[in-house]
Each structure stands twice: as structure tokens, then as C-alpha cells.
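# Survey of secondary and tertiary structure
One-letter residues, chain by chain:
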There are 4 protein chains.
Amino acid sequence: MHNARPLPNYLVQRFHGWRATTFADNKSWYRRLSESGQHPRAMVISCCDSRVHVTSIFGADEGEFFIHRNIANLVPPYSPDGKQHGTSAAVEYAVTALGVAHIVVLGHSNCGGVKGCHDMCSGKAPQLEETSSFVGRWMDILRPGYERVKDLPEEERVTALEKEAVLVSIGNLMTFPFVREAVEREVLTLHALWTHIGEGSLEQYTPGQGFVPV
Amino acid sequence: MHNARPLPNYLVQRFHGWRATTFADNKSWYRRLSESGQHPRAMVISCCDSRVHVTSIFGADEGEFFIHRNIANLVPPYSPDGKQHGTSAAVEYAVTALGVAHIVVLGHSNCGGVKGCHDMCSGKAPQLEETSSFVGRWMDILRPGYERVKDLPEEERVTALEKEAVLVSIGNLMTFPFVREAVEREVLTLHALWTHIGEGSLEQYTPGQGFVPV
Amino acid sequence: MHNARPLPNYLVQRFHGWRATTFADNKSWYRRLSESGQHPRAMVISCCDSRVHVTSIFGADEGEFFIHRNIANLVPPYSPDGKQHGTSAAVEYAVTALGVAHIVVLGHSNCGGVKGCHDMCSGKAPQLEETSSFVGRWMDILRPGYERVKDLPEEERVTALEKEAVLVSIGNLMTFPFVREAVEREVLTLHALWTHIGEGSLEQYTPGQGFVPV
Amino acid sequence: MHNARPLPNYLVQRFHGWRATTFADNKSWYRRLSESGQHPRAMVISCCDSRVHVTSIFGADEGEFFIHRNIANLVPPYSPDGKQHGTSAAVEYAVTALGVAHIVVLGHSNCGGVKGCHDMCSGKAPQLEETSSFVGRWMDILRPGYERVKDLPEEERVTALEKEAVLVSIGNLMTFPFVREAVEREVLTLHALWTHIGEGSLEQYTPGQGFVPV
């Protein structure tokens, strides 16, 4: 607690700017959101990466998307062992408490987490194999995906692994009983996306065709 | 994989709208971000809640903030047990790989996760005590905070617990050796914030004064 | 006037997205529509409900449908008393000025207005009986329909009343001399539809068979 | 009833196309909308004109906007006389039952209703003065606006009157006690827009500046 420090000036100024403009223009909407609760249509699982803001790409306004962001947009397999699983808790809340209609998993180019996984699995980053590496252990979720891309030419491998990260997550989502049940009742659909930061392009996984431009 | 479905039309349209405007106007910046990597100044840990977009409050542009979002903006204590810890991985990556200068923990009013924790700890939500409840086990992180607010008048208790969620996270951040070391070297500062959705207000924890308006 | 406020940001962004894509791609058509006037083929009378956009169901492009939307897609009986009748004005303009070939009345499931009428007529919503209730007085148009469904089992009654709303409107349309005359000259046909929001189904009234799937 | 006819083929085909594509891709969302009800953020009052689809301009998806469309996007003054007022009923439902945060009145260029009002008020359309003219009596709502534009040069007058139609409606909205009260509590804001069909432009009324491009 005693380690908390005052906010840097640039953030204080930006907050006051937001409050005098966007908030002032939308006050009635924020009040209603506050009083009536959220009814988001979709959950988005994307990366922490500072270059990928789904709120921008999809013009997301307050109240629309329930957003979980972690390293490399990964969902671990269902594992109700009584331990702390932040991603699984977010998925459970979105599906069972909020009843979202869509879960969108959004991967991206130049993903540092996926690159680390690639280097770890190919023997180039032994420090990520250590028990104490949180990033290494988190990226273990993607190891099955590495097996599927390891024989590709080197220049294609990391991008392919970024897309595998999305598909592994979609596959793991289906191991959650409440996700599977909602998908089977046709009240929930899953969507697998990958965006190229520099090109501003978006691809979606289409069964039988792989990732194709939207 | 075979469960991935085409993106709903409204998101396809919004993406194309973004690409034709925001992306087109900022193409050179996106290209540079893609080629030179990210150099975010701060990490933000906030809630998945659809009503709290830090990208809006702080006018965040692509490349500025490394953002982790989970239920109730919680950071668990340091626990290098070789298991998967998504939040700890995000903090490790931000501090050791990216070298962010700030970690901002942003709590908020009307937080469903915190409300669940309150109900669980006060005996009103026994289902959250079950081993299989991911939300319940995740909110266990906040139990020490409940002890500090449980004797407050009922109408103040949930808000107080929302602010405790921020302080518990700040406290837990300091249990990570690489965080503590960076704070002590004065290359990293921690910031504890809470926002009221309906009022558009922002409070920051100030040692000796508690939470005060920014 | 002085109460008009700036448009919320999200709508500004969406407008610019539309202008850069849909408008840019169809500029010649919009220009022609602007210069040559509208020649819509059909009038649609549907509900204000946010879940029923006839423009979506029928893939309506600009220029195709003259659309009037009110609570519960109702048409009042012909009543040329010199007072303001917005629905009657819309019908008059469509038939006498634009010469539409079809009038489609589209009802729907889960209609709040029809539910209110049901509750009012069955004594459960006395506040809707008050003179000052605009919704109550508007739903008076549907009272004759309630008489025809009131003896049905409770679980069928509201849906039946939604369909009655369409038929009452068709019946009332025929009380307008210019509608009757155009129907008799076979330059105008009337169509009675009902859609189920959750099933995405569409039924049409067929004399002798009632509402049957399209 | 016996006057209802089968739907024209082109609409049957379009419906089936929509059902096989848009509906199939969004089934989970439509189901949820059906089961959980609508929570639209805004009410839009626009014209029946076939060339102005607010669902297009604002990329409106199902569930977002509660839309009332009448001739010339007019709102009459508050008049709780126990008669049928469809527009007043729609406003009452949006504000008191749905609690929308915004009411957007959208006017447009080339408006036939406004042109009729102009011709009627300037003596060029005596048939619209007759008691039996529903369009004429409806356009009476705009007469106060004509007084404010009648001395403008002829080529500016109709466009100015289109914008007056929006402002008259905003002014009349404030005569409804439930609208005024919600505006004063800052849970509702009103927005005055005008769009040029051929240019794809959008202007908003800004106090002190008049209509300026968005």
C-alpha cells in the first residue's frame, strides 16, 4: 500500500481531458450503465500487447465487449482443481453470469509471447524452461501447437504459431462444460481471428480453408 | 477448431470502417510499431468489465499501454510453483522484458467480481465456495481485503472492498522479487486507482490519505 | 434547441466508417437517389423494437422500402378529423404520393407493446388505462384483437395477440378509401407477416390457413 | 384479413438468403435478444424516406437502437388528451420503459414531407390545407418552423425548413414531462442531426453555431 505513488502528470491530464469531453458528452449513457449493469454482446480474449486494442479495431464503446487480455490470448484447458485460474474465471463469468453470445479470440502478428514459446520449444530459450519462469509456464499451453508447425520453413513458423495460439484456445474453450453446452444449444458461437499490426488486416479461421481475410 | 464460426456481420463492417479511417490515417505509425516492436510506457491492470475501457479514460493510443484485464483487476501473490499463472506471466513480461516505468491497477464501481467476493465471504453465495467455481477461487485472492471491510456499514462495504482489491493487488505485486527490485531501484512506480462508472470520477490511493480524487 | 448536445463519439466514428466504405462504394447511387427522388417498391410498417430491423431481414438497400415504425406496428382506423395522425399520414403519402405496390405489416415475437396491451386488457396493468398513458391509448387500437384471443390458454395468448396486431392493422388499412381503391384496382397488395426474433423464422397470413411459414 | 396476399417472390428469396447467412452467423445473439429482452442505448426518430436508413449510417445492429420512423421525423407537442398519439407513445416507451440514454432526431435533404409543408405554408398546395389531408395535418407540427425561414431566399428555404423540423421536434420533446425530467437528471441527452443524401454528409446542431458538419 505504502508503495502506491501519485499518478504521472500526463495521465492526470488525459483523464481530465476525457472527463471534459467524452464523459461529458456521454454522461447519460455512463449513468445508465452504472445503474442498470452491463449487457455485453461478446467476450473478447486478446493479448496484452500495447499495439492491439480491440476497442479500436471494432470501434468498441463502453458496455459492448467483456474483454480479457493476457499474454498471447491463451485459454488453458478446463482444470477445476481449486487453484487460481484467472482466464477460466473470466470465461466462466462471461458465459454463465453475463450470457454473452460470442467469444472472439484475437491473435496478432509480432507477438512476443508466441515468439518466446517458439524459442523455448526449439531450444533457443532455456531460461523459459525454468520452473520459476511465469512466461515459460504460461506458454506451455501452446506447446501442442508448436508440434504442428515445427516442420514449416523458419520464416513461416512464428506466424503459424500465432495462429495456432488462437486455435489452441478455441479448442481449450470447448473443454469447459459450460462453454460446450452453450455452443451446442446454439446460444454461443466461437470466433478465431488473427490481425497483422502493420498491414491493418484481419483474418478469420474458416473450417476447411484455414485463416482467410475478413 | 471446427467450432470456429464466421465473424458476425456487424463486426466485419466495423473492422472495414476502422481500416478505411483510423488505420488509413495512421498507417505509418502502425507500420513502425510492427517493425520496431512495442515500447509501452506503462502496464495497466484493469477489469474485464465492458464498462471500463482504460483506452478511453486515458486516451490510449496503440503502443502506449501494455494492458492485462482480468476479473476484478487482481494480482495473486508470488507463487513460482511451475503451474500456469496468467497474471503473473503478464507482470513478469511487462517488468523484465518490456521494462515499463509504471504499473497502474485500476479498480471500479459496480464490480460484479468484487460483489461476488463480498457475498461469498459473508455467507450469501455458497456456490462460490465450491472447488469447481473458477470465479470463487479467483476471488479468494481478495479474502484478506474482506477482513478489513467486514465491520463497515453495509452500504459502504462493497465499494470499500473494490478499493481493497486494488490495494491487495499492489501489495501482492511487491511480493514479486523483480517488481520489488525495480521499485527499489526507482525504475518502476506503482499506482492504485478506482473509478466510478456513473460519475466519471477517478480516485488515487495516497499514503496517509486513502483514496482521493485525481 | 439549446438542449441539443454533441453526438456521442461512438456514433461519430461509425458515421465516418460508413462514409469511408459503404457511402464511398455507392456514391453514384446515393447521388442519383438525391437527384431523381425515391421510387420505393413497398411500404413496410413495423415495430420500433431494436431487435427487428426489416432492413436486415429483407436486405433492404437505400431507396427500396418506405418504412414507418411505431409501437407494435399498428395502423389506426381511418379517422379524418383534422387531428394529427402520423401513421395515417405515412400511409397516405406512400399510397397517394409514391404509389407503392405493396404494404407489408410486420409483427414480431416478444413485443413489449402487445404484452402491455394484453396486461391492460386482462386487468393486470391499470396504469395503462389512464388517460395520460400514451402507450395505453395507442394500444387501444388492438383491443378488438384481445377479444378474439382472450379465451386461449395463457401461454398462447400473447403470441396470438401479436398476430392479431398485424391483422387488425391490415383490416384498418382497408378502411382508408385510397387504400381500398388501390387494392381493388389491383395496383396495391397488402401482406401480413410475423417474425420470431430468436428463431429467425417468418410467417405470413394466408387466407384459410392462418399464419404459415414463408 | 382476407385481403392479405402472399409475399412477393423477391422478398421471400431475400428472407431465405438472410436466414442462411446473417441469421445463421448470429443465431446465438438473436436467441439471447429473444430470451433476455432489448436494452437499446438510443432512440432514433427519423423519416420514413426509403433513402435514409439510420441502421446503415450508424452501422446499427439488432438490439442497439429503438427506431421510430414517421413523415419528416416530427414529434408533436405533449398533449395527453386520451387520443391516439403514436409518436408520443414511442417516446414514452423509450424513455420510461427502456430508459434510453440518447434520443437522436435525424432529418435529411430532399424530404418530401417538408417540401409539402413549405408548399402548403406558402400557398402553393391548397389541397394540403384540407381537413381530410393526413399529411397536411401532420405537417402542421412544422408550421412554427416555417415562420422562421419564410424570409430566406427561395433556394435556401426548404433545406432550412428540414433543419427546423429537427429543432421543432427537439423543442417539442422537452414539453414531455418525463423527457424534461430525464434530461435534467442528466440520464438522457437529445441530439439534432441532418444528413445530405447525395453527399453522404452529416451535420449536428451545436448551440451558438447552428448545424455544423460532424
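Residues numbered from 1 in each chain as written. Chains lettered and ligands numbered in written order. Predicted model: local features only at pLDDT ≥ 70, side-chain atom pairs only at ≥ 80, totals over all residues. Heavy atoms only, no water.

In the nomenclature of an unreviewed UniProt entry, chain A is known as Carbonic anhydrase of Cereibacter sphaeroides. Recorded in UniProt for chain A, the comment headed Sequence similarities (unreviewed entry) runs: "Belongs to the beta-class carbonic anhydrase family." (UniProt positions renumbered as here; feature names shortened; annotations may be inferred.)

On to the nonpolar core. Counting 57 residues, the largest nonpolar core has Val179 of chain A together with Met139 of chain B as the members making the most contacts within it. In terms of nonpolar packing, the next biggest core, distinct from the first, is built from 56 residues, Met43, Ala94, Leu98 and Leu188 of chain D among them. (Core = buried A, V, L, I, M, F, W, Y, C linked by side-chain atoms within 4.5 Å. Buried < 20%, exposed > 50% of the residue type's maximum accessible area, 1.4 Å probe, protein only.)

This part takes up the interface of chain B and chain A. Counting residues at the interface gives 100 residues for chain B and 99 residues for chain A. Interface of chain B and chain A: buried area, both sides summed, is about 8,900 Å²; carbon and sulfur atoms make up 61% of it. Glu64 of chain B is the partner of Arg14 of chain A in a salt bridge, and the nearest nitrogen-oxygen pair spans 2.5 Å. Our enumeration of links across chain B and chain A arrives at 45 residue pairs in polar contact (both at pLDDT 80 or more). The element that contributes the greatest number of residues to the side of chain B that touches chain A is helix H1 (residues 9-25) of chain B, accounting for 10 residues. Residue classes in the side of chain B that touches chain A are distributed as 48 nonpolar, 35 polar and 17 charged. (Contact = heavy atoms within 4.5 Å. Buried area = accessible area lost by both parts, 1.4 Å probe. Salt bridge = Lys/Arg side-chain N within 4 Å of Asp/Glu carboxyl O. Polar contact = N/O pair within 3.5 Å; in protein donor to acceptor, adjacent residues only side chain to side chain. Helix = DSSP H or I, 4+ residues; strand = E, 2+ residues; numbered from the N terminus. Nonpolar A, V, L, I, M, F, W, Y, C, P; charged D, E, K, R; others polar.)

Let's shift gears to the UniProt feature "binding site: Zn(2+)" (unreviewed entry) in chain A. Look at the UniProt record and you will see "binding site: Zn(2+)" (unreviewed entry) annotated at Cys47, Asp49, His108 and Cys111 of chain A. For the annotated residues, spread through 65 residues, the largest C-alpha to C-alpha distance comes to 9.0 Å, consistent with a single compact locus. By the secondary structure assignment, Asp49 of chain A is in the loop between strand E1 (42-47) and helix H3 (54-57). Residues contacting Asp49 of chain A, with those up to four places away along its chain left out, are Arg69, His108 and Asn110 of chain A together with Gln38 and Phe66 of chain B. Mapped onto the elements, His108 of chain A comes out in strand E3 (residues 102-108). What makes His108 of chain A buried here is its relative accessible area of 1%.

Attention now goes to the domain arrangement of chain A. Residues and elements named next belong to chain A. Taken domain by domain, chain A holds domain 1 (1-37) and domain 2 (38-208). Spacing between the C-alpha centres of domain 1 and domain 2 amounts to 29 Å. Each partner contributes residues to the interface: domain 1 has five residues there, and domain 2 has five residues. At the surface where domain 1 touches domain 2, the tally comes to zero salt bridges. Grouping the constituent residues of the side of domain 1 that touches domain 2 by class yields three nonpolar, two polar and no charged. (Domains from an automatic or database assignment.)

Turning our eyes to something else, we now look at the relation of the copies chain B and chain A. Structural alignment of chain B on chain A gives an RMSD of 0.1 Å, achieved by rotating through 180 degrees and translating 0.0 Å along the axis. The transformation relating the two chain copies, once decomposed into turn and shift, fits a two-fold axis. In terms of proximity to the rotation axis, the leading residue of chain B is Arg69 of chain B, whose C-alpha is 2.5 Å off the axis. (Least-squares fit on C-alpha atoms with pLDDT ≥ 70 in both.)

The next thing to look at is the state of the cysteines. Put plainly, two cysteines are in a disulfide when a covalent bond ties their sulfur atoms together. A complete count under the given rule lists zero disulfides over all chains for this structure. Cys47 of chain B forms no disulfide, and the closest cysteine sulfur to it belongs to Cys111 of chain B, at a distance of 4.2 Å. In this structure Cys117 of chain D is a free cysteine whose sulfur lies 3.9 Å from that of Cys121 of chain D, the closest cysteine sulfur available. (Disulfide = S-S within 2.5 Å.)

Quick look at the pairing of strand E2 (residues 65-70) of chain D now. Residues and elements named next belong to chain D. With respect to burial, E2 is a largely interior element, six of its six residues being buried. Of the two faces of E2, the one lined by Phe65, Ile67 and Arg69 and the one lined by Phe66, His68 and Asn70 are each fully buried. Where strand E1 (residues 42-47) and E2 come together, six bridges link them in parallel fashion. Within E2, the residue paired with Met43 across the bridge is Phe66. (Pairing = 2+ DSSP bridges.)

Residues and elements named next belong to chain B. It is at 10 Å that the axes of helix H4 (residues 86-98) and helix H9 (residues 177-184) come closest, and there the two elements cross at 40 degrees. As for how H4 packs across H9, the hand of that crossing is left-handed. Counting all contacts with H4, which are made through Val91, Glu92, Val95 and Thr96, the residues of H9 involved are Phe178, Val179 and Ala182. Residue composition of the contact of H4 with H9, by class: five nonpolar, one polar and one charged. (Axes fitted to C-alpha atoms, helices over the stretch in contact; angles between N-to-C directions. Left-handed = near helix turned anticlockwise from the far one by under 90°.)

In a regular helix each residue adds 1.5 Å, so 17 residues correspond to 24 Å; helix H1 (residues 9-25) of chain C covers 24 Å between its end C-alpha atoms and thus fits that length. When the local axis directions of H1 of chain C are compared, the greatest deviation, roughly 40 degrees, occurs at Arg19 of chain C. Elements in contact with the buried residues of H1 of chain C: H1 of chain B, helix H2 (27-36) of chain C together with helix H3 (54-57), E2 and strand E5 (201-206) of chain D. (Expected span 1.5 Å × (residues − 1). Bend = angle between axes of the 7 residues up to and from the residue.)

Overall, the coordinates contain 60 salt bridges over all chains when judged by the stated rule. Between Arg31 of chain D and Glu199 of chain C there is a salt bridge, and its shortest N-O distance comes to 3.9 Å. Here Arg31 of chain D, found in helix H2 (residues 27-36), pairs with Glu199 of chain C, found in the loop between strand E4 (189-196) and strand E5 (201-206), and the two come from separate chains. By relative accessible area, which is 16% here, Arg31 of chain D ends up buried. Connected through salt bridges with shared partners, the residues Lys27 and Arg31 of chain A, Glu199 of chain B together with Glu186 of chain D form a single ionic network.

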